[in-house]
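Fold and contact review
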Amino acid sequence: MNDEFGGDWEGYLQALENASPLISALGVTDYFGIQTYREVRRRKAEGRLPGIQLLFPNVEVRLDVKTEKGPGINLHLLFSPFDSDHEERIERTLRRFTIEVDGETFACVRDDLARLGKKHIPGVSGATAVSEGANQFKVSLAQLKQVFRSDDWLQQNCLIAACASSTDGTAGIQHDDSFASFRQEILRTAHVIFAGTPSERTFWLGQKEGSPPAWIEETFGSLKPCLHGSDAHRLDLVAAPAQDRFCWIKGDLSFEALRQAVLEPEERVWIGAEPPTPPPSSSCISRVEIFGAPWIENKSLDLNQGMIAIIGPRGSGKTALADIIAVGAGAMTNSPGASSFLYRAAEQLLEEQVQLTWYSGETSAAKALGPPWQTDDLQDENARYLSQHFVEELCSSAGLASELRKEMERLVFLETDPTDRLEAESFDQLVDTAVNPIRERRGELQKAIDRISDEVAREESLKDRLPDQKKACVVLEKQLESDRKQLGQILPKGMQERGRELSRVETVCRAAEAQVENLRLRRKSADDLRAETQRILANEPSRVSEMRRRFNAAGLELADWDLFQMVFKGDVAALLTKKLQELDQTIDSLINGKPGLVVNETLPPTVDWPVIVLRRHRDQLKKDVGADAGKQRTFDILQRAVNENDLKLGRLHEEIKHAEGADMRRRTLLDLRKETYTSVVDTFVEEEEALRTLYLPLAASFHQSTGALSKLKFVVQRSVDIVSWASEGEQLLDLRNAGEFRGQGSLANHAQMYLLKPWRGGTSEEVARAIEGFREHFGKDIVAGRPGTIATENRPRWNQQVGAWLYGTHHLRVRYSIEYDGVPIEQLSPGTRGIVLLLLYLAVDHHDRRPLIIDQPEENLDPNSVFRELVPHFRQARKRRQVIIVTHNANLVVNADVDQVIVAAVTSSPTGGLPTMSYRSGSLEHPTIRRLVCDILEGGERAFLERERRYRLRWGQAIGDASAGEHS
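These numbers were taken from a predicted model, which means no experiment stands behind them.

Let us look at the overall build of the protein chain. Counting secondary structure elements, the protein chain contains 34 helices and 23 strands. The C-alpha atoms of the protein chain give 49 Å as radius of gyration, which overshoots the globular expectation for 968 residues (30 Å, by more than 25%). Principal-axis analysis of the C-alpha atoms places the extent of the protein chain at approximately 175 × 75 × 65 Å. Looking at the 968 residues of the protein chain, the share that counts as buried comes to 45%. Considering only intrachain contacts with a sequence separation of at least 6, the fraction spanning at least 24 residues in the protein chain is 71%.

What helix α6 (residues 141–149) keeps buried is the set Leu141, Gln143, Leu144, Val147 and Phe148. Looking straight down α6, one finds that the buried residues subtend no more than 165° of arc, so they occupy a single side. When the buried face of α6 is taken as reference, the exposed residues oriented beyond 90 degrees from it are Ala142 and Arg149.

Moving on: the nonpolar core. The nonpolar side chains of soluble globular proteins are, as a tendency, buried together. Counting residues in each nonpolar core, the largest one holds 93 residues, and the members touching the most others are Tyr677, Trp725, Trp759, Ile818, Phe874, Val893 and Val901. Per element, the largest residue contribution to this core is 10 residues, and it comes from helix α23 (residues 662–703). Setting aside residues up to four positions removed in sequence, Tyr677 forms contacts with Ile449, Trp759, Val767, Ala768, Ile771, Tyr807, Gly808 and Thr809. Core analysis: the second largest hydrophobic core is formed by 62 residues, Val59, Phe79, Ile90 and Ile186 among them.

Bringing the packing of helix α8 (residues 180–189) against helix α10 (residues 213–220) into the picture now. Two numbers describe how α8 lies on α10: the axes approach to 8 Å, and their chain directions differ by 100°. Compared by their axis directions, α8 and α10 come out roughly perpendicular. Residues Gln184, Leu187 and Arg188 of α8 touch α10, and the partners they reach there are Glu217, Glu218, Thr219 and Phe220. For the contact of α8 with α10, the class distribution of residues is two nonpolar, two polar and three charged.

This part is about the packing of helix α25 (residues 746–754) against helix α27 (residues 764–784). Axis separation between α25 and α27 bottoms out at 11 Å; the angle between their running directions is 135°. When the interaxial angle is binned, α25 and α27 end up oblique. Our pair here, α25 against α27, has a crossing hand that is right-handed. Where α25 abuts α27, its residues Leu747, His750, Ala751 and Tyr754 lie against Ala770, Phe774, His777 and Phe778. Residue composition of the contact of α25 with α27, grouped by class: six nonpolar, two polar and no charged.

What follows concerns the sheet that holds strand β21 (residues 883–886). In spatial order, the strands read β16-β20-β21-β13-β22-β23; together these six strands make up an open sheet with mixed pairing. Both edges of this open sheet fall to β16 (384–386) and β23 (916–922), since each of them pairs with a single strand only. In this sheet, neighbouring strand axes are inclined to one another by 15° on average, regardless of whether the strands run parallel or antiparallel. Sheet analysis places strand β22 (residues 900–907) next to β23, joined by seven bridges and oriented antiparallel. By the bridge assignment for β23, Ala904 is matched with Tyr919.

The sheet built from four strands is open, its strands ordered β12-β11-β14-β15 with antiparallel pairing. Of all the strands in the sheet, just β12 (300–302) and β15 (367–368) have a single pairing partner and so form its edges. Pairing of strand β14 (residues 353–358) with β15, which is carried by two bridges, proceeds in the antiparallel orientation. Counterpart to Gln353 in the pairing with β15 is Ala368. Relative to β14, helix α13 (residues 318–328) is tilted by about 70°, and along the sheet it contacts β11 (285–291), β12, β14 and β15.

Reading guide: rules and limits
Residues take numbers from 1 onward in each chain, read along the sequence in its written order. Confidence filtering applies because this is a predicted model: local features only for residues at pLDDT of at least 70, side-chain atom pairs given and counted only at 80 or more, and all residues used for totals across whole chains, interfaces and linings. The side-chain quantities take in all heavy atoms of the structure and omit both hydrogens and water. We count a stretch as a helix when DSSP gives it H or I for four or more residues in a row; a strand needs E for two or more, and each element gets its number in order from the N terminus. Within these notes, the globule rule equals 2.2 Å times the number of residues to the 0.38 power, and the radius of gyration is based on C-alpha atoms. Burial classes follow relative accessibility: with a 1.4 Å probe on protein chains only, a residue under 20% of its type's maximum area counts as buried, one over 50% as exposed, and anything between as partly exposed. Note on definitions: a residue-residue contact is assigned when non-hydrogen atoms from the two residues lie within 4.5 Å. Note that the arc is computed from the directions linking the helix axis to the C-beta atoms. Here, nonpolar core means buried Ala, Val, Leu, Ile, Met, Phe, Trp, Tyr and Cys residues that are tied together by side-chain atoms lying within 4.5 Å of each other. In this analysis, axes come from line fits to C-alpha atoms, helices being fitted only over the stretch in contact, and the angle between any two N-to-C directions falls in the range 0 to 180 degrees. What sets the label is the angle itself: under 35 degrees gives roughly parallel, over 145 gives roughly antiparallel, 65 to 115 gives roughly perpendicular, and the rest give oblique. Residues are sorted three ways: Asp, Glu, Lys and Arg are charged, Ala, Val, Leu, Ile, Met, Phe, Trp, Tyr, Cys and Pro are nonpolar, and all the rest, Gly among them, are polar. Here is the rule for handedness: rotate from the far helix to the near one, and if that takes an anticlockwise turn smaller than a right angle the crossing is left-handed, while a clockwise turn gives right-handed. Strands are labelled as partners when DSSP assigns at least two bridges between them.

Below, the structure written as structure tokens:
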């Protein structure tokens, strides 16, 4: 039909042989026959088309329904060439297609087609008659289906393809409502759609909006692969499809690969100028070679770049092969468990070595199979091995706190854009850079709270002492009055006036001495201030140096750091030197008098007199009084007591005055402590936000995912250790005392009620209000709990400790973890933890391109979880990395559509040495491999069919259930 080749067989064959890209599989098309296929097959047998490894017939038939553009709708019958008599069987099948014209029956064979052509156009003959007959021949869909239903060979060896074009395909009747059911029936009958446009492919894979997979399956029976050829009717179109839409099939070069493509339409078929990009060749193992191991039959094993499943009965050497590959790749970073082959055979592994070849052509250095297996050189770790032992450790309680967390952090770091890593080389470094400044600021603020609490304790102590001070003041005033009275009584008669004068001079002298004492105190403070400024200036270079070290990443020039030198606003050294000189001069003048000053000692003495003059005047008065030695001593003692008590009274008045302002200062300090505490809590909020920012890329990856992965969520929140906080408080209290905190645990219970919620998730203001409210509400109970062993003089220290405890934040920390469906991973079952772990590797770890080797990923998982959660992610993971699994689960082999199956077998050694292991390799579409998969994983064909019969399942019913589930 429409043959424009002009009989140029040589040009046709050369076009196929020289095609680029290389053609490996060729379907040869004829209308209602295989004569062209037969001829191509004959020429290939003579040596032509050496590159074509699969040659199969494509018989095009026309249905008895016309499209809008005129021609009948075409179907294609793709036949397997596997059977040696396939040509005879195909022609026998075609002979069963018949039509009746004017009471005469014509079969779909060459002679009848020629006879039909002559009937339609009298006078034609030969090939023209056959061509005209084929043009008139039509097959009904009902007849086609009946022939298929009645022929087992046809069902096993033929695929039906429907053309999607509007010229001679089903699109030609899609706008005619009267043909809607008929069109749907055609498409349900077809296994394959002949179409090359991306929109058709998207539709038939259930990826078009409004046409989900469940609807496609319910309406048309299944998702369908789109195949596309050059459909060449002339020489220049041979192997040159429109828009370079070449058809790539993944699988063995056998007809079974086409059958597998029907089951795996998305993964097995691609239409485009180039095939999908495989994982990087430098990151995929192409061959495993084992040396010095007589117990392994096949010393060399080739590996596929995609997904590989190692299966076999228990004890057949599955894990042994995974271990061997892991050793060769330097992936045995954890010691193998006691059940591992390497561990159990360690003493017998003496000379054995493994060597890997990669798809890049590079060959790794041979590695010994015997211990030690672990390597500390991460550069040598060319694969990722999740052994059963490793997974069990990660999913254990200990692993949750260490290894699994490390894996989470590693993934977070890898998911972080390199431009956001702040030049960190690990997650720990990144956290340090992002969070340490916040934590250091928190530490400084916490120290400030401790200092404020100390000051609050001092002010409270002053306030508590005020009544006693006032009482002491009254007592001291009475004592002074009594002492002065005694002074007057000691002096001889007639000397009372001189005694009173002496008393006045003593008072003035003491006041002048107090001035000197006060100035000397001021001078010492000024001198200490000068020393402090000198220390600050001396330490300033080291402070700036420390700043440069901590903030070196800011990239400032050396000269820029000069701007960070802290200097005093003025010349404090000169100021303090001048101040000290002035104080020295003032002190000297108060003691010795100003130069040239003459004191008129006939006048009553005043504090303006120099101390030396006042003392001389006082001493003279003592002589003038003329008391005997005994009375003089008594007088001196009393006078000294009066002077000291007078000074004490003055200080006491100052202290009382200061103490009377303690309550106001205390309230100011409390406000400052609350404000500082708020700032401390702010640092926790900052740290939470900083960590959320770090986790944002991975959190976004979870959010955009579906299935189990969408249930994963990173949680950053405050963790509160109420027990440790309450325990610290209980150490300060006597729990036997009456009050709300009586008995162990009462304090923790009240903290749980009043403080836990704000501590855990409140704003800084809410936390500050809560702790202030707690202090005010339970202040009396705290005081009531003060141990009786605390002496009065030690109470300020106890008060300070209580304040530091109340406003401490050591029991708070920012916790980051992973949750699955709202449950922390620590609380998940081992099976669910296993899913979480595998999903992290399969679906999230996009940056790791190394081979991923997993020993029995289905361990502890139910079949539904394996099918729904793991299978889709294994399918995606193999597109970017080589995946090797050891498994007993049919879902992971069949439904994941692995690219290579390695079947392990073992024979016991009669000498008691290592058993003999062998490995057979092939694809799922290989009949022998498929049979072994069924026997090993399903229990054999009969067991599988028995289960299917007992389940009473139907594909249509299953589709309906799935659809209902999706729409519910």
